[in-house]
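Coordinate inspection notes
Chain residues, written in single-letter form:
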Amino acid sequence: MSQQKPSAPKGMRDFGPEEMARRNYIFSTIRRVYEKFGFSPIETPAMEKLETLTGKYGEEGDRLIFKVLNSGDYLKEPKVSGLDLNQIDSKKLLRHISEKALRYDLTVPFARYVVQYHHQLPIPFKRYQIQPVWRADNPQKGRYREFYQCDADVVGSASLINEVELILILHEVLTELKIQGFKIYINNRKILAGIAEVAGISKQLVSFTVALDKLDKIGKENVLHEMQQNGFSEDSLKKISQVIDAAELKKNTLSFLKKFLSSSETGMKGMDEVSYVIKTAHELGVSNETLELDITLARGLDYYTGCIFEVKVPGSGFGSIAGGGRYDDLTGIFGMPGLPGVGISFGADRIYDLLLAHKLYPSFESTRYKYFFLNFGETESKESLRLIQILRGKNIRCGIYPDAVKIKKQMEYADKVKAEYVCTIGSNELLERKLGIKNMHTGEQHTISWDEFIQQITQEA
RNA sequence: GAGGUUGUAGCUCAGUUGGUUAGAGCGUCAGAUUGUGGCUCUGAAGGCCGGGGGUUCGAGUCCCCUCUUCCUCCCCA
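The text that follows walks through the structure, step by step, so that each part is easy to find. As the structure is a computational prediction, the values presented were derived from the model and not from experiment.

1. Side note on the packing of helix 11 (residues 234–249) against helix 12 (residues 253–260)
- With their axes 9 Å apart at the nearest point, helix 11 and helix 12 run at an angle of 160° to one another. One way to sum up the angle between helix 11 and helix 12 is to call them roughly antiparallel. Crossing handedness for the pair helix 11 and helix 12: left-handed. In this structure, helix 11 uses K239, Q242, V243, A246 and A247 to contact helix 12, whose residues at the interface are T253, F256 and F260.
- The residue makeup of the contact of helix 11 with helix 12, split by class, is 5 nonpolar, 2 polar and 1 charged.

Here you go:
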């Protein structure tokens, strides 16, 4: 190769016409359901101020935020900004060279939006947002550096009806996309806090949930071992062990937890919330197999405070395809406390991969042209264009080959773009005010006059 | 951030222990067919073997660095 092969940056992709047809199928399904449930669309910019984003996603999350370099020569006058290059680490340097970043998710920009425009928003405010987000993660299966999230959030209402409705949305979208065997897992941060409280490890809540989250991957023994290494007492481990046993049995988990958490006010509140949500969703048609309490579900985002959801297709080979949860004080960080919120997000790119791997797409036979005109030269093409405009006036997809090249070539092109009919106005047809029409499926061909053709089209339309 | 893996024609890939002029299929282009696609046949073009450095008489092949692909951990959608 004489030149460097061009390519998109690491972890970022192009989408051709075929891929766009499939992606739009996913987006339009999600959008349709969101709107049916009364959500309104908004968009926010690709970049936010760096300070808006940092500290919301945990330590790991902060590392994965794409920072955008300031414009201008920021090293030119270091004294002005108080920058001493001789004694500075990269963290301190960052503040001086970057004050914008690409959004990491859609929830935090939305919280910023709500605080900024709260005076003109109907509260509770239900919005949906379908836009790309960026994470400086290492790409791998189902993981990209640029991917689309499809969020729906309700702010300004603490009612659990919102949780139930979001579950109904998850259920409806995934059912419409014909995804078999998806499971909505639900948990509540208050339950996790309650368990930690009863086990006497409230202070190590994070390391507790991180270890517990790995249960289905590494098993009970290893989870307990990891907790032991983190310095949990024997007594604590014994209690946690009981919880794990109950969780793995998946039978009477609810009644066990109600007993186990009876001494914890927070834990009991979490239980009440989850019980209500599961029961109500069930009454509204979400089956028990689809919606399940999973007390090992933790989720990494720092801002969740109540119910948390995650959707997986067990055995599909893909990670979670949707997630969400309640965040009761996200707007407080931006100076507006007391505005609760809850939301969900579909990972469109993972759904895309999953539908592709399981061959779940309907066929998108998109013929660009119903009538495709060949180009025989200047005078002939003008007549073709006149007819084409008449057709377009009747909302018929049609067009002409722009150059008067060899007919064979034009035919090959018409075949490639899957035109239904090819129309010819050459010198012969021009003289007789006629037009050749070839059906590209059957290969049949006939000639009719221009007037007849227009008449026929008008009748069909 | 840690570990592994991949890179050869537009695409998918061969290329033996280092040894002449790096191959195939598909695609592209031209012709068989002067105004008609798919099928067939004939022919042609197309490569600094990801990039840089090194070992060697000699490197697609061995060594180092870097980028990239895919995967695992971490974390996540």
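2. Observations concerning the packing of aromatic side chains
- Within this structure, the stated rule accounts for 18 aromatic pairs.
- A centroid spacing of 4.7 Å and a plane angle of 45° characterise the contact between Y113 and Y117, whose relative ring orientation is tilted. Of this pair, Y113 and Y117 both sit in helix 6 (residues 107–117), 4 residues apart, roughly one helical turn.
- In this structure Y113 comes out as buried when scored by relative accessible area, which is 18%.
- What makes Y117 partly exposed here is its relative accessible area of 29%.
- Through pairs of rings, three or more aromatic residues link up here, namely Y57, Y104, Y303, Y304 and Y327.

3. Let's talk about the sheet that holds strand 9 (residues 307–312)
- If you walk across this open sheet you meet the 8 strands as 1-5-6-11-10-9-7-8, and the pairing is mixed. Each edge of the open sheet carries a strand with a single partner, namely strand 1 (40–41) and strand 8 (291–293).
- Bridging between strand 5 (residues 125–134) and strand 6 (residues 146–155) involves 10 bridges; their strand directions are antiparallel. Note that in strand 6 the partner of Q131 across the bridge is Q149.
- Contacts between helix 14 (residues 348–357) and the sheet are confined to strand 6 and strand 11 (341–347), with strand 11 contributing the most and set at about 40° to the helix.

4. What to know about the sheet that holds strand 12 (residues 371–373)
- Here 5 strands make up an open sheet; going across it, the order is 13-12-14-15-16 and the pairing mixed. The outermost strands of the open sheet, each flanked by one partner alone, are strand 13 (398–400) and strand 16 (445–449). On average, each strand axis in the sheet is tilted by 25° relative to the strand beside it, whichever way the strands run.
- Where helix 15 (residues 378–393) meets the sheet, it contacts strand 12, strand 13 and strand 15 (434–439), and its direction lies at approximately 165° from that of strand 13.

5. Topic: a positive patch on the surface
- Among the surface-exposed residues, K406, K408, K409 and K416 lie close enough to one another that they form a single positively charged patch.
- One can find K416 in helix 16 (residues 407–416).
- Its relative accessible area of 69% is what places K416 among the exposed residues.

6. Notes on the side chain of D153
- On the secondary structure map, D153 appears in strand 6.
- On the basis of relative accessibility, which here comes to 1%, the residue D153 falls in the buried class.
- Reaching out from D153, the side chain makes a polar contact with the side chain of R127 at a distance of 2.3 Å.
- Among the polar contacts made by the side chain of D153, one reaches the side chain of Y327 at a distance of 2.5 Å.
- Other than its neighbours up to four places away in sequence, D153 contacts F39, T107, F110, F125, K126, R127, Y327, V342, G343 and I344.

7. Some words on the pattern of salt bridges
- Taken as a whole and assessed by the stated rule, the structure comprises 22 salt bridges.
- Here R127 makes a salt bridge to D153, at a shortest N to O gap of 2.3 Å. Taken together, the positions of R127 in strand 5 and D153 in strand 6 put the pair 26 residues apart, joining distant regions of the chain. A single burial state applies to R127 and to D153, both of which are buried.
- Between K183 and E292 there is a salt bridge; the shortest N-O distance is 2.8 Å. Placement of K183 in strand 7 (residues 183–188) and of E292 in strand 8 is noted, with a sequence separation of 109 residues between them.

8. Brief notes about the packing of helix 8 (residues 189–198) against helix 9 (residues 205–213)
- Contact geometry for helix 8 and helix 9: axes closest at 10 Å, N-to-C directions at 110°. Judged on the interaxial angle alone, helix 9 and helix 8 are roughly perpendicular. For the pair helix 8 and helix 9, the contacting residues are L192, A193, I195 and A196 in the first and L205, F208, T209 and L212 in the second.
- Among the residues forming the contact of helix 8 with helix 9, the class breakdown is 7 nonpolar, 1 polar and no charged.

9. Brief notes about the environment of P45
- Relative to the elements of secondary structure, P45 occurs in the loop between strand 1 and strand 2 (47–49).
- For the pair formed by P45 and Q131, sequence separation is 86 residues and the distance between their alpha carbons is 9.4 Å.

10. Some details on the pairing of strand 7
- Across the 6 residues that make up strand 7, a large majority, 5, are buried.
- As judged from the 6 bridges shared by strand 7 and strand 9, these two strands associate in the antiparallel manner. Each residue of the ladder has a partner; that of I186, found in strand 9, is F309.
- Sheet topology note: the strand 7/strand 8 ladder contains 3 bridges and is parallel. Considered in strand 8, the bridge of I184 is made with L291.

Rules used throughout
Residues numbered from 1 in each chain as written. Chains lettered and ligands numbered in written order. Predicted model: local features only at pLDDT ≥ 70, side-chain atom pairs only at ≥ 80, totals over all residues. Heavy atoms only, no water. Axes fitted to C-alpha atoms, helices over the stretch in contact; angles between N-to-C directions. Helix = DSSP H or I, 4+ residues; strand = E, 2+ residues; numbered from the N terminus. Parallel < 35°, antiparallel > 145°, perpendicular 65-115°, else oblique. Left-handed = near helix turned anticlockwise from the far one by under 90°. Contact = heavy atoms within 4.5 Å. Nonpolar A, V, L, I, M, F, W, Y, C, P; charged D, E, K, R; others polar. Phe/Tyr/Trp six-rings, centres within 6.5 Å; stacked < 30°, edge-to-face > 60°. Buried < 20%, exposed > 50% of the residue type's maximum accessible area, 1.4 Å probe, protein only. Pairing = 2+ DSSP bridges. Patch = residues over 30% accessible without salt bridge, like charges linked within 9 Å, V, L, I, M, F, W, Y side chains within 5 Å. Areas by Shrake-Rupley, 256 points an atom, 1.4 Å probe, with all protein chains shown as cover. Salt bridge = Lys/Arg side-chain N within 4 Å of Asp/Glu carboxyl O. Lys, Arg positive; Asp, Glu negative; His and termini not counted. Charge placed at Lys NZ, Arg CZ, Asp CG, Glu CD. Polar contact = N/O pair within 3.5 Å; in protein donor to acceptor, adjacent residues only side chain to side chain.

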